[in-house]
Amino acid sequence: MAEQTRTEQRETLSIVIPAYNEVGNIARAAETIRSIMEREHIAAAIYFVDDGSTDGTWAEIEKAAADSGVKGIRFSRNFGKEAAIFAGLEMAAGDCCAVMDCDLQHPPETLVEMYRLWEAGFEVIEGVKEDRGRENLLYKGMSALFYKFMSGATKIDMSRASDYKLLDRKAVDALVALPERNTFFRALSSWVGYKTASVGYTVQEREVGQSKWSTVSLVKYAVNNITSFTTKPLQLVLILGVIFFVLALIQGIECIITYATHRAVPGFTTVILIELITGSIVMLSLGIIGGYIAKIYDEVKGRHRYIVAKTLGITSRRDGHDTF
Ligand code: UDP
Ligand code: MG
C-alpha cells in the first residue's frame, strides 16, 4: 500500500512534522502514522522537516525515506518550529495538509478524525487540547495569561489551541502566500477563516527525548507572538498616557489653587512619586514601541524565513534552497 501510494496514487494528505533533535522519534513516528494511514486507506505522505538538528535526526529521516518513502527537508541551521511548519506547508503537495509534533504527543489517531471532517467538507480542522497533559503550575499560569491576551487579540478562544491542525489546500495556499516573516501558525490558521471544525485530543506524554522549550525560550515565544499578531500593547501605552495626562491635569490644577491660596507646602513626596511613575511609564512605553520597531526592522529586511540545505523526495517547484 505504501508503495502504491507513492507510485500510482497521488497523496491526498500531507503530514508535516517539524523535528529538532528527535533522533529517537523519527522511525517511531513514521511507523505509527504509516500504519494508521494504511489501515484507514488514506493516501498520505509524511514530510519531516529537520530544523537544523545536531544529533542523528537527518540520518534517521534518510533511513525512513529509504524504508517507507517519507519525504525530508533539512534546514541549514535551527530556524525554529514556525519556520519548519511553513517550510513543510510550502513543499507539501497534498489536497490537505496536517501539522503535528514528532514526539507523538499529538495522538495520530486524531488525524483520522480530522481527515474525515475534511472529507465532510471542513477546510480548517483545529486540534484542541482537551487535557494539557502534565505541566507545572507556573507554566500553566503563564500560558493561561498568554492565551487570554492572544484570545483577546484574535477574537478566538486560544486557551486550548495547539499546532495540531489539518488544513485544506486553499487554507494552506493562503497561509503560504502571507508575506510576513514573523508568523504565529496557531493563530493564523484561524485568521484565514474558511469552514472550521475542531477535534479534541488529549496531550500524550513525551516518551523519547526532551521538550525543546526552556522558560526563557517560552517567554521569548510569548512576547514574539504577541507582537507579531497584535498591536494591543501599543494601544495600552496610549491609554496609560491618557490616564496619566488626566492625573497630571488634576494635580496641576490643585497646585495652582494651593499656590493661589498661599497654602503652598513643599509636596516632596508627591513630586517624587510622580517622577517615579511617569519615568517608569515612559520607559515601559518606549520598550513596547522599541519591540514593535524591531519587528518592523525584521519584516523590512525581508529575509528568508529559513534556508533549506537538502531535500529528500520533494518535487515541488520550491525544491532546493530557493524557498521564496
Ligand atoms: N521543534 C522544532 N524546532 C525547534 C523546537 C522544536 O522543529 O526549535 C519541534 C520538535 O521537534 C517537536 C515539536 O517542535 O516535533 C514540539 O516540540 P517539543 O515537543 O519540544 O515541545 P512541547 O511539546 O514541549 O511543547
Ligand atoms: Mg512535545
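This structure is a prediction, so every number in the text was calculated from the model and none was measured.

Peer 1: Help me understand the site of ligand 1, please; the structure alone is not making it clear to me.
Peer 2: If you check the shell around ligand 1, you find 16 residues, and the closest are E22, D51, D103, S211 and K212. Within the backbone of P18, an N or O atom sits 2.8 Å from an oxygen atom of ligand 1. The contact in question runs from an oxygen atom of ligand 1 to an N or O atom on the side chain of Q105, over 2.6 Å. In the complex, the protein chains occlude 86% of the 530 Å² of accessible area that ligand 1 would expose alone. By residue class, the composition of the shell around ligand 1 is 5 nonpolar, 4 polar and 7 charged.

Peer 1: Please explain the nonpolar core as it appears in this structure.
Peer 2: Among soluble globular proteins, nonpolar side chains are generally buried collectively. Counting 36 residues, the largest nonpolar core has L13, I15, I17, M37, F48, L111 and L166 as its most contacted members. Taken together, the elements giving at least two residues each to this core come down to β1 (13–19), α2 (26–39), β2 (44–50), α3 (57–68), β4 (96–99), α5 (108–119), β6 (161–168) and β7 (196–202). Of the residues forming this core, the biggest block, 6 residues, is contributed by α2. Leave out the neighbours within four places in its chain, and F48 touches I17, I26, A29, A30, I61, V70, K71, G72, I73 and C102. Core analysis: the next-biggest nonpolar cluster, separate from the first, contains 30 residues, A45, F86, C97 and V176 among them.

Peer 1: Is there a simple way to explain the confidence of the model for the chain in this structure?
Peer 2: Caution applies to low-pLDDT regions: their predicted coordinates should not be interpreted in detail. Looking at the chain as a whole, its pLDDT mean stands at 83, while 91% of the residues score no less than 70. Taken as a whole, residues 1–8 scores under 50 in pLDDT and shows 10 contacts with residues more than four places along the chain or in a different chain. Contacts of residues 317–324 to residues separated by more than four positions or lying in other chains number 18 contacts, the stretch itself having pLDDT below 50.

Peer 1: Just checking my understanding: could you explain the sheet that holds β4 for this structure?
Peer 2: Sheet strands line up and pair through hydrogen bonds in the backbone, either parallel or antiparallel. Strand order in the open sheet formed by 8 strands is β7-β5-β6-β4-β1-β2-β3-β8, with mixed pairing between adjacent strands. Unpaired on one side and paired on the other, β7 and β8 (308–312) mark the two borders of the sheet. Ignoring strand direction, the axes of neighbouring strands in this sheet form an average angle of 20 degrees. Across 4 bridges, the pairing between β1 and β4 is parallel. Within the sheet, the bridge partner assigned to S14 lies in β4 and is C97. The strands touched by helix α4 (residues 81–91) within the sheet are β1, β2, β3 (71–75), β4, β6 and β8, with β1 carrying the most contacts at an inclination of about 155 degrees.

Rules of the game
- Residues numbered from 1 in each chain as written.
- Chains lettered and ligands numbered in written order.
- Predicted model: local features only at pLDDT ≥ 70, side-chain atom pairs only at ≥ 80, totals over all residues.
- Heavy atoms only, no water.
- Near = heavy atom within 4 Å.
- Polar contact = N/O pair within 3.5 Å; in protein donor to acceptor, adjacent residues only side chain to side chain.
- Areas by Shrake-Rupley, 256 points an atom, 1.4 Å probe, with all protein chains shown as cover.
- Nonpolar A, V, L, I, M, F, W, Y, C, P; charged D, E, K, R; others polar.
- Core = buried A, V, L, I, M, F, W, Y, C linked by side-chain atoms within 4.5 Å.
- Buried < 20%, exposed > 50% of the residue type's maximum accessible area, 1.4 Å probe, protein only.
- Helix = DSSP H or I, 4+ residues; strand = E, 2+ residues; numbered from the N terminus.
- Contact = heavy atoms within 4.5 Å.
- pLDDT = per-residue confidence, 0-100.
- Pairing = 2+ DSSP bridges.
- Axes fitted to C-alpha atoms, helices over the stretch in contact; angles between N-to-C directions.

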